[in-house]
Each structure stands twice: as C-alpha cells, then as structure tokens.
Amino acid sequence: QVQLVESGGGLLQAGGSLRLSCAASGRTFSSYAMVWFRQAPGKEREFVAAIRRTAEYYADSVKGRFTVSRDNAKNTVYLQMNSLKPEDTAVYYCAATDLDRPVSDPRGLPYWGQGTQVTVSS
C-alpha cells in the first residue's frame, strides 16, 4: 500500500510556472512508477506525465513545457509546469503503480492522491 498527497496547486496567469509535489508514504517508493493525470470539468481524466526509475513519458499536449522528476530519498515526485495555458486548468492527480505496469490508462493504476487544483487564467 502507498498513500499519496499532492500539493502545489494554485491560480496563476497564462505563461506562468508552477511545481506540483506528490509525497508518498511507505518505504518502497523507488519500486513504483509515478504518474500524473489531470481532469478538467466535464472531461475524462487524461495522462500527463510519468516516470519509472529514470525513464520519463509525456503527453503530447505538455511535451516541452512540463517536466516530471522524482526524489527517492524524499519519497516525492514533482511536476514542473512551465508556459502554462488556460487549457491546462484541471485537477491534477498523482498516481502510482508497479514499475513494469502501463502508466497511461488511469483505470489500471491502484494508488491515487486526492488531487490538487490548477487554474490558469488568460
């Protein structure tokens, strides 16, 4: 079992930057793939980014603007978001799964945080 707690969301203007954090409980954080999803009102939850041990994966919509990273000593995964756009507005969720499991389908991930709101104004 792993528990996840996101933080760092907020309200900001387009073009700004924000860093989300997701703190995980447990002593086996390094054995999980960590994934970021987001869900805008009225839309399905969508994959944003993921990191396995070192390999990183991004949705096309955020590639070049967002960076996912992890600090295994702190049991924390980060999502650095730059050049934010109004269409990035959503609740951002952190999720975890085994290192060798698929990461882009939210239905397959067993562990989730409660989400943090990011609102980007134009």
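Keep in mind the model is a prediction, meaning the values are calculated, not measured.

### Thoughts on the pairing of strand β5 (residues 46-51)
The element β5 is largely enclosed, with a buried count of five among its six residues. Hairpin connection, strand β4 (residues 32-39) to β5: the antiparallel pair is bridged by six residues, and G42 has positive phi, about 80°. Pairing of β5 with strand β6 (residues 56-58) involves three bridges; the strand directions are antiparallel. Considered in β6, the bridge of A50 is made with Y57. Linking two consecutive strands that pair antiparallel, namely β5 and β6, is a turn of four residues.

### Quick word on the side chain of D88
Looking at the element boundaries, D88 is found in the loop between β8 (76-81) and β9 (90-98). Reaching out from D88, the side chain makes a polar contact with the side chain of R65 at a distance of 2.8 Å. If we skip the residues at most four places from it in the chain, D88 touches R38, R65, F66, S83, V118 and V120.

Cut-off values and rules
- Residues numbered from 1 in each chain as written.
- Predicted model: local features only at pLDDT ≥ 70, side-chain atom pairs only at ≥ 80, totals over all residues.
- Heavy atoms only, no water.
- Buried < 20%, exposed > 50% of the residue type's maximum accessible area, 1.4 Å probe, protein only.
- Helix = DSSP H or I, 4+ residues; strand = E, 2+ residues; numbered from the N terminus.
- Pairing = 2+ DSSP bridges.
- Polar contact = N/O pair within 3.5 Å; in protein donor to acceptor, adjacent residues only side chain to side chain.
- Contact = heavy atoms within 4.5 Å.

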